[in-house]
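Chain residues, written in single-letter form:
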Amino acid sequence: MANPDGLQVSPPPPPPSSPDTSSASSPGTPGGLGLPVPSRSSGRLVDPLEEVELQIGDAAFSLTKLLEATSAVSAQVEELAFKCTENARFLKTWRDLLKEGYDSLKPDD
């Protein structure tokens, strides 16, 4: 088929003669028909929505465990920061005492 600009335009491909469920599939849904899919964990047939809900539940559980671990580490960091502050105060006091002692031993000019 030629058009006035001299470019060739091909006709659109004909529709498939038999229904092909693989071409109608949407991402994550085999066949795009909302049919049950095998579960990764048990191999039994599960509704895609149920599979997504299970994955969301697993992710929520993992995030809860991660939050608990993060909170525990945070508490340990706060305790360590408190101990470091106490140690710094202790060392500063000793430094001041040693400086006073050293200054008191210097001969007066």
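Because the structure is a prediction, the values reported are computed rather than measured.

Draft legend 1. Highlighting the overall build of the chain. Assigned secondary structure in the chain consists of 1 helix and 2 strands. The order of α-helices and β-strands along the chain, N terminus first, is β-β-α. The 109 residues of the chain split such that 6% are buried. The contacts of the chain with a sequence gap of at least 6 include a subset with a gap of at least 24, amounting to 0%. Accessible surface, the chain: about 9,700 Å² in total, of which carbon and sulfur atoms supply 63%.

Draft legend 2. Geometry of a nonpolar patch on the surface. On the surface, Phe90, Leu91, Trp94, Leu97 and Leu98 cluster together into a nonpolar patch covering about 560 Å² of accessible area. Its place among the elements puts phenylalanine 90 in helix 1 (residues 48-105). What makes phenylalanine 90 partly exposed here is its relative accessible area of 49%.

Draft legend 3. A look at the confidence of the model for the chain. Averaged over the chain, the pLDDT score is 77; the fraction of residues at 70 or greater is 60%. Confidence scores differ between elements of the chain, with strand 1 (residues 37-38) showing the lowest mean pLDDT of 60 and helix 1 the highest of 96. Contacts of residues 18-31 to residues separated by more than four positions or lying in other chains number 9 contacts, the stretch itself having pLDDT below 50.

Draft legend 4. Structural context of the packing of aromatic side chains. Inspection of every chain in the model, using the stated rule, returns 1 aromatic pair. Here the aromatic rings of phenylalanine 90 and tryptophan 94 are separated by 6.4 Å at their centres, their planes lie at 70°, and the arrangement is edge-to-face. Residue phenylalanine 90 and its partner tryptophan 94 are both found in helix 1; the two are separated by 4 residues, about one turn of the helix. Overall, the relative accessible area of 43% leaves tryptophan 94 in the partly exposed class.

Draft legend 5. Molecular detail of the pattern of salt bridges. Scanning the entire structure with this criterion turns up 4 salt bridges. A salt bridge links lysine 65 to glutamate 68; the shortest N-O distance between them is 3.7 Å. Taken together, the residues span about one helical turn, with lysine 65 and glutamate 68 both in helix 1 at a distance of 3 residues. Given the relative accessible area of 43%, lysine 65 is considered partly exposed. According to the relative accessible area criterion, glutamate 68 is partly exposed, its value standing at 46%. Close ionic contact of lysine 83 with glutamate 79 constitutes a salt bridge, the shortest N to O distance being 3.4 Å. Of this pair, lysine 83 and glutamate 79 both sit in helix 1, separated by 4 residues, roughly a single helical turn.

Definitions and limits used
Residues numbered from 1 in each chain as written. Predicted model: local features only at pLDDT ≥ 70, side-chain atom pairs only at ≥ 80, totals over all residues. Heavy atoms only, no water. Helix = DSSP H or I, 4+ residues; strand = E, 2+ residues; numbered from the N terminus. Buried < 20%, exposed > 50% of the residue type's maximum accessible area, 1.4 Å probe, protein only. Contact = heavy atoms within 4.5 Å. Areas by Shrake-Rupley, 256 points an atom, 1.4 Å probe, with all protein chains shown as cover. Patch = residues over 30% accessible without salt bridge, like charges linked within 9 Å, V, L, I, M, F, W, Y side chains within 5 Å. Salt bridge = Lys/Arg side-chain N within 4 Å of Asp/Glu carboxyl O. pLDDT = per-residue confidence, 0-100. Phe/Tyr/Trp six-rings, centres within 6.5 Å; stacked < 30°, edge-to-face > 60°.

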